[in-house]
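The residues making up each chain are set out below.
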Amino acid sequence: MTPSKNTSLGKVPYKTQTETRQQTLKKSPTARADKARQLYFKTKSSACMEFPYWYTRRWEELEGEVPIVRRAEALKAGFSHLTPAIFPGELLVMGKTHYLRGSYPMPWLSESFFISQEDELYKAAKEAGKMSAGEATTMGEGGGNVTRSAGKVISIAGKFGLRQEEMPILVELAKKWQNKSVEDVGHRYEQMVPGYQEKEEIMRAVICMFDSGYTLPQGREVMNYYYPLQYGIEGLKEMCTVQMDQSAGQPEMDRLYFYKASLTILEGLQKWITNHSKEARFMAALEVDNSTTQVDYLAIAERLNWLSKKPPRTFHDALQLIWIFHVAVLNEDAISGLSPGRLGQILYPYWKNDIDNGTISREKTNELLECMRVKFTQLDCFAAMGVVGGVLSGNTFNNLCIGGLTKEGVSATNELEELILEASTTCATPQPTISLLYDEKLPEDFLMKGVTCTKSGTGYPAWINNQVAMEFLLNNYGPEGMTPEEAKAWAIGGCLETSPGSWHELVLNGVSHTIPGGSAPATSVGVHFISLPKVLETVLFNGIDKRTGRRVFPPHELKFETFEELWSAFQNYFSRAVKILTLTNNIQHDIWGKISPSIINSLLKPDCLTQGRDISHKGSRYNRTFNVEVCGGVNLANSLASIKKNVYDAKHFSLETLKKALENNFGHDINDINQSEQAVKNYTHKEWLRIHKLCLEAPKYGNDDTYADAIFKQWQKWFSAMCSNYRSLYDEPLYACQISVSTHGPMGAVTLATADGRLTGASFADGSVSAYPGTDTKGPYALFNSATCYNHALSQNSQLNLKIHPAAVGGREGSRKFLHLIRSYLRKGAFHVQFNIVDSKMLQDAQKHPENYRGLMVRVAGFTQYWVELGKQIQDEVIARTEYKNI
């Protein structure tokens with residue numbers, strides 16, 4: 001079980017993706033889905049000012065209105081004025097804007113970037129017009145990312161293209177929200193937190209990646225579609241009207257305003273839907289009478305008109321309504337990780353009814369599911385470059401879960417979930433990603449279908465331990481009333497956030513069905529991504545960030561005579577960071593709830609509609625949803641192991657000597673970093689090179705080495721326990737969250753060399769229990785032992801990425817070996833594992849020749865993304881991961 005050695009990138013002829021990928025399953029999408037996917041490949045991410053213009057205009061008209069009602073009226077105006085667009089061949093329609101890959105800025109959340117960049121934006125607008133058409137074609141690099149301005153298109157946040165004539169509108173709207181946005185008001189009040197300046201230095205040093213209160217206040221959660229499916233929009237309006245009558249003039253008057261706001265936004269959604277129905281009829285009128293295209297448009301028009309008022313009748317109806325409400329929630333806030341949850345189990349009653357009465361075939365089902373995949377992939381999240389690129393890698397994390405258990409405790413799998421797996425293989429797209437909730441009660445043939453999908457090179461499904469997740473949920477949400485029965489309704493929100501759910505009785509044609517749905521707001525808000533190696537850097541250098549030379553933490557003035565003293569200092573600095581970031585984050589989220597409360601998502605989530613409270617006022621059933629996210633835990637453990645071994649135990653060198661080596665990057669050229677080959681080179685400073693060699697040879701996590709693993713376990717136990725010392729604005733304790741998303745790239749880029757031998761600027765290890773590239777030398781089963789040296793249920797998640805050569809899992813026998821590998825890990829108590837089934841040589845070629853790999857997908861950290869839309873930092877890290885050629 002020896003990992004292959006990654007070689008330096010060279011220009012090597014290599015087969016194209018079409019010839020090398022999906023060797024075990026050669027299938028292609030339906031013609032309709034393939035046409036839609038090809039159109040997506042040719043489309044750029046585009047920013048549209050339509051929604052923010054109408055939102056802001058209506059907001060200004062309602063000065064003095066009750067805030068939540070004012071917010072609802074502004075949202076209604078935005079939805080009502082969105083230009084409808086229906087693209088050729090679509091079976092599911094509607095989107096965030098009239099662009100295929102459209103999104104828009106939300107200056108009511110954050111406007112400072114646009115104001116600060118005003119001069120640069122105008123300069124870009126002026127200079128872009130001078131570029132030739134040939135130069136403009138370079139915008140295609142990076143897939144759909146508009147990485148620079150060209151022609152009459154202005155690049156925003158390095159991803160979105162904005163039409164030149166709309167740029168002044170963006171700047172003007174941003175100015176209208178200055179000192180009024182969630183960002184500005186939150187910043188004004190967070191400065192009242194004692195010791196606030198320390199928070200500023202933490203952010204400047206990139207010890208923390210970003211503030212969540214105004215960047216991504218919602219998401220990392222599971223949608224709940226029950227109410228619109230059961231009652232339809234008119235039914236929901238009637239419920240709001242009745243509750244308004246019962247609330248007017250009564251105690252808890254905020255209930256009245258919540259129901260009024262909900263009624264208002266439902267009216268806006270109706271207008272949005274009927275506008276598209278009218279557009280479909282208009283499109284039908286342009287087609288040849290009785291042609292297939294005209295029939296499709298008329299069917300769309302009729303379906304939308306029905307769904308604007310009533311509950312769905314069919315599987316197609318239900319899928320369309322779910323899509324409408326999914327996009328609607330995305331349009332009310334800057335959101336990543338809004339997950340559809342266990343969609344196959346939610347939709348199964350409709351599908352089974354249609355199959356039984358012959359109104360749909362399995363072939364038509366597959367086409368619809370493929371079209372659904374393309375629609376989800378078209379979603380974009382508008383945020384600052386540091387968030388879109390540094391955290392999300394352009395991904396929106398719509399996680400669709402399969403498997404798990406029913407309310408009664410038996411396997412929840414069904415034939416529709418098998419078709420979802422099939423469509424996810426035949427129409428491979430990044431969205432929605434798939435997570436298989438593994439349980440020993442799931443049937444073998446279903447698990448083998450999951451293996452087949454993973455082997456095809458999609459990067460999904462990720463494999464999640466159902467029992468570990470339920471243990472975490474009961475530990476954390478038990479005080480709020482969660483029962484073992486309701487714990488079974490959970491799903492993954494976002495890329496890998498364990499999210500609580502609940503069961504609901506859906507009545508269809510007089511028959512009752514139990515379906516799951518999300519029952520909590522965002523389960524990953526709080527302290528967002530603390531860089532553990534960067535904290536250790538400040539410990540070693542007495543509170544100083546060596547990149548900027550600025551003081552972050554108060555000086556400790558310690559000599560570190562013992563390893564325990566060093567570890568205690570790390571705990572102190574880390575705790576200081578968590579404390580100040582928790583307090584400022586609480587203020588940001590409180591201000592968000594006051595200025596920009598969630599209305600659509602709230603009316604969908606139990607029990608907001610019955611209580612008359614939005615999610616920012618604890619209207620949801622479960623509210624212990626704030627966490628502390630960290631990055632670089634494996635590098636931290638390896639660094640501490642190296643220091644303990646080399647400085648304190650073997651006394652190979654002093655801590656002061658190590659610090660000098662780290663400052664000088666072990667004698668390596670700081671601009672010549674290849675993460676795949678961090679070996680000792682022939683540089684002049686032999687002492688630093690000797691130290692580097694000893695650091696590289698020190699015990700490493702991932703090899704079933706008790707020396708390194710004991711330190712990793714010590715960190716895990718302490719971290720999971722200490723989070724509960726801090727409380728959210730809902731007065732609930734925080735919990736630990738351990739995922740890297742894409743932060744291991746940019747956070748590594750600003751961090752000094754580390755004592756484990758990692759060089760300055762190199763990415764950290766991905767995930768939370770993945771080995772640092774090239775250091776897991778004893779095979780996957782040794783890595784499994786290291787990864788499960790602690791109880792994974794102590795944290796919201798853990799994350800393990802493995803890269804396996806396709807030949808290692810080829811054929812039926814390879815599939816069985818692969819499933820055995822997965823089971824072996826999960827049965828040890830692990831929470832999660834995911835795979836890249838790929839040859840590293842192909843990735844190296846794709847980095848050299850991206851034009852040949854537009855459809856190539858890789859698994860990053862909790863999500864799959866098109867290779868060409870990833871930044872080079874993350875591409876390098878994926879290439880460098882240990883590749884197993886035997887399992």
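All figures in this text were calculated on a predicted structure; none of them were measured in a lab.

Student: Which parts of the structure should I look at to understand the packing of aromatic side chains?
Tutor: Centre-to-centre distance and the angle between the planes together describe a pair of aromatic rings. Within the structure shown, the criterion is met by 40 aromatic pairs. A centroid spacing of 6.2 Å and a plane angle of 80° characterise the contact between Tyr-226 and Tyr-231, whose relative ring orientation is edge-to-face. Aromatic pair Tyr-348 and Trp-351: ring centres 6.0 Å apart, planes at 35°, arrangement tilted. Linking Tyr-348 with Trp-351, this pair stays in helix 15 (residues 343-357), spanning 3 residues, or about one helical turn. Given the relative accessible area of 25%, Tyr-348 is considered partly exposed. Looking at Trp-351, the relative accessible area reads 0%, which means it is buried. Among the aromatic residues, those joined into a cluster by ring pairs are Trp-567, Phe-570, Phe-574, Trp-715, Trp-718 and Phe-719.

Student: What exactly am I supposed to notice about the state of the cysteines here?
Tutor: Here, the word disulfide means a covalent bond between the sulfur atoms of two cysteines. A full pass over the atoms with the stated rule returns 0 disulfides. Cys-453 takes part in no disulfide bond, and the closest cysteine sulfur to it belongs to Cys-427, at a distance of 12 Å. For Cys-453, a relative accessible area of 1% corresponds to the buried category.

Student: Would you mind showing me how to read the packing of helix 18 (residues 415-426) against helix 19 (residues 444-458) here?
Tutor: In a packed pair of helices, the relevant descriptors are the angle between the two axes and the axis-to-axis distance. Two numbers describe how helix 18 lies on helix 19: the axes approach to 9 Å, and their chain directions differ by 15°. The orientation of helix 18 relative to helix 19 falls into the category roughly parallel. As for the relative orientation of helix 18 and helix 19, their crossing is left-handed in sense. Here Glu-417, Glu-418, Leu-421, Ser-424 and Thr-425 of helix 18 come into contact with helix 19, specifically with Phe-446, Lys-449, Gly-450, Cys-453, Ser-456 and Thr-458.

Student: It is not clear to me how the pattern of salt bridges should be interpreted in this structure. Could you clarify?
Tutor: Note on pairing: side chains with opposite charge can pair once their charged atoms come close. Scanning all chains against the criterion turns up 45 salt bridges. Arg-70 is paired through a salt bridge with Glu-63; the nearest N and O atoms lie 3.2 Å apart. Residue Glu-63 is classed as exposed on the basis of its relative accessible area of 65%. Linking Lys-534 and Glu-537 is a salt bridge whose minimum nitrogen-to-oxygen distance equals 3.2 Å. You can see Lys-534 and its partner Glu-537 sitting in helix 22 (residues 532-540), 3 residues apart, about one turn around the helix. Neither residue differs from the other here; Lys-534 and Glu-537 are each classed as buried.

Calculation notes
Residues numbered from 1 in each chain as written. Predicted model: local features only at pLDDT ≥ 70, side-chain atom pairs only at ≥ 80, totals over all residues. Heavy atoms only, no water. Phe/Tyr/Trp six-rings, centres within 6.5 Å; stacked < 30°, edge-to-face > 60°. Helix = DSSP H or I, 4+ residues; strand = E, 2+ residues; numbered from the N terminus. Buried < 20%, exposed > 50% of the residue type's maximum accessible area, 1.4 Å probe, protein only. Disulfide = S-S within 2.5 Å. Axes fitted to C-alpha atoms, helices over the stretch in contact; angles between N-to-C directions. Parallel < 35°, antiparallel > 145°, perpendicular 65-115°, else oblique. Left-handed = near helix turned anticlockwise from the far one by under 90°. Contact = heavy atoms within 4.5 Å. Salt bridge = Lys/Arg side-chain N within 4 Å of Asp/Glu carboxyl O.

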